[in-house]
Amino acid sequence: MKITINGKTYDMSEASTLQDALEAANVKPQGIATALNNHVVTADMRPKTVLTDGDRVVVITAFYGG
């Protein structure tokens, strides 16, 4: 199945989770927020959230500045 993470398409196996997709995209889990199809997914739900073909994931990285 194909999913999109921040505009880039990835091929994932069936029953992949959001956590699997983040690992495939080399996204470190610390300091990020995730949304799946415009719905926020908390860090504790990423390993439990099963993806389907065509899903869109947005990853936002927290940063410090002034």
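Structure's up top.
Here's what I pulled together on the structure shown here. Note that this is a predicted model, so its numbers are computed, not measured. (Residues numbered from 1 in each chain as written. Predicted model: local features only at pLDDT ≥ 70, side-chain atom pairs only at ≥ 80, totals over all residues. Heavy atoms only, no water.)

### Considerations on the sheet that holds strand 2 (residues 8–11)
- Strand order in this open sheet of 5 strands is 2-1-5-3-4, and the pairing throughout is mixed. A strand with exactly one partner marks an edge of an open sheet, and here the two such strands are strand 2 and strand 4 (39–41). Strand-to-strand twist of the sheet, defined as the mean angle between neighbouring strand axes without regard to direction, takes the value 30°. (Pairing = 2+ DSSP bridges. Helix = DSSP H or I, 4+ residues; strand = E, 2+ residues; numbered from the N terminus. Axes fitted to C-alpha atoms, helices over the stretch in contact; angles between N-to-C directions.)

### Notes on the pairing of strand 1 (residues 2–5)
- Side chains of strand 1 alternate between two faces, with I3 and I5 buried and K2 and T4 left unburied.
- Pairing analysis gives 4 bridges linking strand 1 to strand 2, with the strands arranged antiparallel. What sits directly across from K2, in strand 2, is D11.
- Counted along the chain from strand 1 to the antiparallel partner strand 2, the turn is 2 residues long, and its residue N6 has a positive phi close to 50°.
- The sheet contact formed by strand 1 and strand 5 (residues 56–61) spans 2 bridges and is parallel. Residue pairing in the sheet places T4 in a bridge with R56 of strand 5. (Buried < 20%, exposed > 50% of the residue type's maximum accessible area, 1.4 Å probe, protein only.)

### Structural notes on the pattern of salt bridges
- Going through the model one piece at a time under the given rule, you end up with 1 salt bridge.
- Measuring nitrogen to oxygen at the nearest pair gives 2.8 Å for the salt bridge that ties K2 to D11. (Salt bridge = Lys/Arg side-chain N within 4 Å of Asp/Glu carboxyl O.)

### A short note on the side chain of R46
- If you trace the backbone, R46 turns up in the loop between strand 4 and strand 5.
- In this structure, R46 is in contact with T17, L18, Q19, L22, P29, I32, A33, T34 and V41, ignoring residues within four places of it in sequence. (Contact = heavy atoms within 4.5 Å.)

That is the geometry; function is a separate question.
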